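For reference, the chains in residue letters:
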Amino acid sequence: MKCFRWYISCRSEKIHQIYRVPLGSKVYLDRDAELQDIALRLYCEGPTGDTTEVTGDILDVGDAAGPYTIIFKCPFSGNRIEQTVVVDPVLDGNLSLDNICMQSHIMKCCGPLEDWQNVFKVSKDSGYNMVHLTPVQALGISNSSYSLHSHLSLSPTLCLPQVSYEEQLELFYRELRKIQAEDGLLFLTDVVWNHVSICNEDIRCHGDAYYNLENTPNLIPAYLLDRELGVFEEELKSGEHPSFVSISTGHDVNLVVQLLKKHLETARVVKLVDAFLPPGISYPSLLEKVLGAIRGGLMYRFVDGSGLRYSFPEKCLVERYFKVPGLTLAEETQLDVNNVDDGRKVLTCNGWTMGESIDDMSTTQAYLKREVVIWGDSIKLRYGQCPSDSPWLWRYMERYTCDMARGFHGFRIDNCHNTPLHVGEYFLRKARGVRSNLYVVAELFTGDEAVDKRYINRMGLNSCIRELLNAESPLRLGEQVYYYGESRPCGSFSTHEVVTNSDEDVMTLLPSRPHAMLTDQTHDNPCPFDLHPVPNILAMSAMLASAKCSIGSNRGYDELVPHHINVVTETRQYKKKEDYSETGTSFGDLKKALLDTHQMLEHEGYSETFVDQARDDLIIVTRHNPHTCGKALIAIRTDWHFHTTNKEPCDHSVSLPGKKLEVISSMKMALKGSEISYEKDPNSINGITNASVSLREANSNHLNFEGIEWITFQDTVNVVFKLVPGQVTAVKVHPTDETAASVSYFKDTFLRPTSEDLLSLDEVMSTFDIYALNYLLYRCEAEEQVDGCGGVYVLPGNIKLPYAGLQGFLSVLDDIRPRQEMGHGLCKNLSEGWWALEYVIYRLDIRPSTRSLGNWLRNVYKKVGDVPNYFRARVFDVVLRHLYKAALRRLAQIFPSFATSSRFIKELMLTSVQLVGIVGETGIPVDPGCIENVSSMAAGLPHFSHGFMRCWGRDTFIALPGLLLSTARYHDAKNLILGFGRTLRHGLIPNLLSERGHQPRYNCRDAVWWWCRAVHLYWLHDNSILGEQIQRNYDSNDNVTAASCDSRGYVSVSVLDVIQEILERHYNGITFVEWNAGRSLDEHLHVDGFRITAGVNTETGFVYGGSKHNCGTWMDKVGSSDHAGNRGIPSSPRDGAAIEIVSLSYLTVSWMYQLHKLGSSPYPGVNRYDNDTKFDIGITYKHWSELICANFEECFWNECTGCYRDTVGSEVPGADEKVRPNQAIAMVISPGLFEEDHRDRALETISEKLEGPLGMRTLSSDDLSYRPYYDNGNQSSDYDVANGFNYHQGPEWLWCMGFYLRAVSLSKKVRPNFEEYISRKLAPHRVMLSTSPYRGLTELTNKDGEVCWFSSPTQAWSSSCLLELLQDMGQF
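Residues numbered from 1 in each chain as written. Predicted model: local features only at pLDDT ≥ 70, side-chain atom pairs only at ≥ 80, totals over all residues. Heavy atoms only, no water.

Of all the 8 residues making up strand 33 (residues 727-734), 7 are buried; the element is thus mostly covered by neighbouring parts of the structure. Looking at chain direction, strand 29 (residues 660-671) and strand 33 are connected through 8 bridges and run antiparallel. Note that in strand 33 the partner of Ser666 across the bridge is Thr729. (Buried < 20%, exposed > 50% of the residue type's maximum accessible area, 1.4 Å probe, protein only. Helix = DSSP H or I, 4+ residues; strand = E, 2+ residues; numbered from the N terminus. Pairing = 2+ DSSP bridges.)

Right, here's the structure in full:
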């Protein structure tokens, strides 16, 4: 049993695809990233139309072939989503679609039923396993094989006994079963749903069953024009136009069109037709199109050499679109088209169009514009929208369809793309109810692959008939074989999931092209001898046999019949087995050898294809076996022109790795003499008599084969093809022993989940800690270079991978694997050498912690190293995926909640591994004597990866709770808390560190409060954190301690002491100028911007600070453009009391009050100092917290905007009133500060003005300063955007979204169904996280989630804040 995993989606590029599995498969249902974690009710509509709810993760495809459609409501748009998988039949027990070799027959030429077995033995002996028959019903007056007199009567040519229809049908099917049992042939027939012969009397008794002027009045103008064409033709015949003589040249056609134009422009005709034209169509423009169509038809019927070459008046001028049986033309002109009874007398003929479907006659203009290739012997049937619209017709056709399904293994749907989809669906459901394993094929002439896909999915078409005959060149022929063949390119990526300890081999179900039934000739095609020389007949068949798909031909093609066998006029019969008197090799023998080769390639697993146009007339098709790395080559010398001058053998060499060449067959076909010798047999369909054919096969005891020479030397097979036109040679090349061993090891080890080497991988990685996993999986270029590791891997064209670790390669492979993009630079690089794998091993060897894996991988390398070069990408991909999965299993042992979390949470947790690791030169201070390498958190990669730009105080402590606490990385969290605590100075912690933290920048007011919040959240896990000792870099007077220079004399304080100092320093006021202020410190900042101030408003309790010259919060962009005049100017200073800082300080103050109250802290409040003199307590924590709470709503609530002010007391006019997302951050940190009604109103305002798809707008969209597109390279003179001045003036930041959603969770009114809302809201985040090359969430986006190329592609706080959200929701 084959197992597949099928990902359902809401995205149109995925749902409008073709997915196929063979009957008997197990299909696991999964969801793409967008739909993860969303509650959906899934329903499945099966092949018979039954709909059931899907309750598990397995789609029950049962034992029935056909379309299985998953139906659900899109959680984003509310639209109905349908995504279909077509289950293909497995015929006769084990015959897959690609093994089908079908030969078409015109049923009326097969003779009496009793002769059929002998007729079809010829097909069997030619290698076919399926016979296609045109309809077996009684035909109409035209004798066309597709114009049925009655769908419920069998053809008289079968010579069945005169018994009932049911009894005849049973006799007929008994004979088919006998032929199947004795000769192994399956049968497929055409089903005709669109029309019935014009002589069918039953249809005229049911006016609702056919199109006429009464039930389809929009056909009236088309009928009137058509009638006038009949009148004009009578005028030509009667000699009313003396200038007209005959139609045999283009000049004659032009004359006829001119005369017709005059006729149709007469006042009588214009008035007659114009009265019924639909709105928007003018008669002159219509007439131009009609005359153009008629001119083309006349050329084809009477003039073109490739056309019908009729003569007039023996054949009508144009085929009438409408017929009125029983009336002469003169009587017909008297019909009143507005009269109901007269309207029903007009019968609409059926036909076909190229491109536009005419399944909806109520809207089509194809009849009016004369765009239909009409079948004048058939009436177009009218079904309406459901059975009640034409009850008799639906019952009639349902019985016919079910009767055919009882006896035939497959259907070919005649005129499929003009069959109303709902009609085809209905009857195929009924047919599959009778025969669950029905094979359905069709020709689609839509000209639009998207339309083809709709027909395939709705009807469950298994194959689309495609034609090689009309290929205009050998190059096009090769392209068609490659495109329509279902095979993948040589060495293609494996779609198997990489698992261990599993009994199932599950493959990812990927979209496929429409499966082809590729033919060299169908019964509709012109005669191949009209298009190709005799040698090319064999070349076409050989190309057909080389394709990996169903293949088909025509009995006339195989009989070498040099004329078209017309489905209307042909009355002769096919020959029976005993009718063949010739001895020796026949074309049928060549065909059998080719079909045997086709089936051998499928049975033995040669599933990958490469088509090489070796020279203009030489095509070499290589079929590769991915299981053995064996090859089969079919070399075909074409003869595309009737007068090819170069008849000499070609001389083309091919060198292939291998130890042995085995000839499958060698064959040749030519014409004896210069002209075809043919005498038409009056009774039997016969072919030419002077075709010379020869065949040698591997089992024919021939040691030498004409047209090929080869020699094996040093594990290389050198082949020289010396083929003449019309010669074909097929060979196998067996791999060397070394290659076979490597391929076998790869298959047995990495494609077998329980292999010993694969199971040992977990043991090898059992010693990996989180830092080893960081090194194994990630590390960007700068991280590598800082530690002297060289950098990331570089592909041809100087394309650098995002990471040096496995994820760098896998990001590329995950992208190209579904598309089988074997021409990608990584694949080319691997085909040239194993350098990528050697690079991975080299990196693992560098670190002692990963060296054991390097040794394991080196052992693998030795065993797989001899696979062919084109196979390396496949091996490399599978091996790396196994390493990655093993790393995840190890991570599940380190992160307790990883194994049981959703995919999205796992991917978020992986960003903790990605962004927190051990990297040199980060500036994180460590305790004296510490020999441990301390981990650090990158604010984002690759922009903020190393040196003083890696660890930002603000970013670190905003991200710490999500990336470290929610993932239980307490050791790393404590190191960061203590490390930054060592750097406390002026009551602040730095935003930027320098080497070992000795020259940090204290230019932000908020980082210290985020640090306090992180301590508080850590304390909830382990309250001993407050007693941890910190070795200070600076004393309480902000002086550098001696230890900063000589590692002696550190001031040791507890974490609680540090928090107390922070609060006291703020209460007493902070004012200083940054150390080393000036251009060397910050080349952009105005001199006044280096003055840092912070304090507490004693009336409100609010922490305030900053000025218009600097920006002390996270919105910290300073202008740098002289050209635009914004250099040194903060874009958003947010001076005064910033709302999130007030909230953070309230959290800390109220916590300190609780600690003192519980006896866990000796500090009841803060002291006031004056010139280092200590006064009595300045304010208690109880009073301070109450003061903030009492003043918060009054000061921050803004009734005019319906939300909270961003700041209070800013010296920048209008800054306080700005609508920004910081209020949502404050709501989460200290929800007790907010009145419930005000909070809910504010959230509604934020939703309207700030909420984006991925992030939050940093400024309301209705603000005059709103500029949503960030471009740091903007060199314009626009003050607002130059050099990215608008960094926080509209672009949408992702970290704010996490806090906003957490704020929404506090309200019961804003989003009542919060969990459902969250699962939908986070859909784009899931998509980004799973598809970004960096596998992270970006820093920011432009307007409405548009990509910002200046954004850091993976940012710590973007992931962290969502982890906090999901932890709040209890999803860990």
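Time to look at the packing of helix 35 (residues 1222-1229) against helix 37 (residues 1294-1305). One can describe the packing of helix 35 onto helix 37 by two numbers: an axis separation of 8 Å at closest approach and a directional angle of 55 degrees. Here helix 35 is positioned oblique relative to helix 37, judged by the angle of their axes. Seen from above, helix 35 lies across helix 37 with left-handed handedness. Residues Ala1224, Ile1225, Met1227, Val1228 and Ile1229 of helix 35 pack against Trp1295, Cys1296, Phe1299, Tyr1300, Arg1302 and Ala1303 of helix 37. The class makeup of the residues in the contact of helix 35 with helix 37 is 10 nonpolar, no polar and 1 charged. (Axes fitted to C-alpha atoms, helices over the stretch in contact; angles between N-to-C directions. Parallel < 35°, antiparallel > 145°, perpendicular 65-115°, else oblique. Left-handed = near helix turned anticlockwise from the far one by under 90°. Contact = heavy atoms within 4.5 Å. Nonpolar A, V, L, I, M, F, W, Y, C, P; charged D, E, K, R; others polar.)

The subject of this paragraph is the packing of aromatic side chains. Applying the stated criterion across every chain yields a total of 59 aromatic pairs. With 5.7 Å between their ring centres and 40 degrees between their planes, Trp394 and Phe427 make a pair best called tilted. Here Phe427 lies in helix 12 (residues 421-434) and Trp394 lies in helix 11 (residues 391-407), a separation of 33 residues in the sequence. Phe427 gets classed as buried once you look at its relative accessible area, which sits at 0%. Residues Trp1114 and Trp1357 carry aromatic rings whose centres are separated by 6.2 Å and whose planes lie at 85 degrees to one another, so their mutual orientation is edge-to-face. You can see Trp1114 sitting in the loop between strand 43 (1103-1105) and strand 44 (1137-1138) and its partner Trp1357 sitting in helix 40 (residues 1356-1368), a full 243 residues away along the chain. (Phe/Tyr/Trp six-rings, centres within 6.5 Å; stacked < 30°, edge-to-face > 60°.)

The next subject is the pairing of strand 32 (residues 716-721). Both strand 28 (residues 652-657) and strand 32 contribute to a ladder of 6 bridges, which runs antiparallel. Following the sheet pairing, Ser653 is matched in strand 32 by Val720. Of the pairings in the sheet, the one linking strand 31 (residues 708-713) to strand 32 comprises 6 bridges and is antiparallel in character. Following the sheet pairing, Glu709 is matched in strand 32 by Val720. Between the end of strand 31 and the start of strand 32, which pair antiparallel, lie 2 residues, with Gln714 showing a positive phi angle near 50 degrees.

As a further point, take the pattern of salt bridges. For the coordinates displayed, the defined rule picks out 92 salt bridges. As a salt-bridge pair, Arg615 and Asp617 come within 2.8 Å of each other at their nearest N and O atoms. Given a relative accessible area of 28%, Arg615 falls into the partly exposed group. Linking Arg817 and Asp814 is a salt bridge whose minimum nitrogen-to-oxygen distance equals 2.8 Å. The exposure class assigned to Asp814 is partly exposed, which follows from its relative accessible area of 31%. Overlapping salt bridges, with partners in common, bring together Asp190, Arg412, Asp414, Glu443 and Asp524 in one network. (Salt bridge = Lys/Arg side-chain N within 4 Å of Asp/Glu carboxyl O.)

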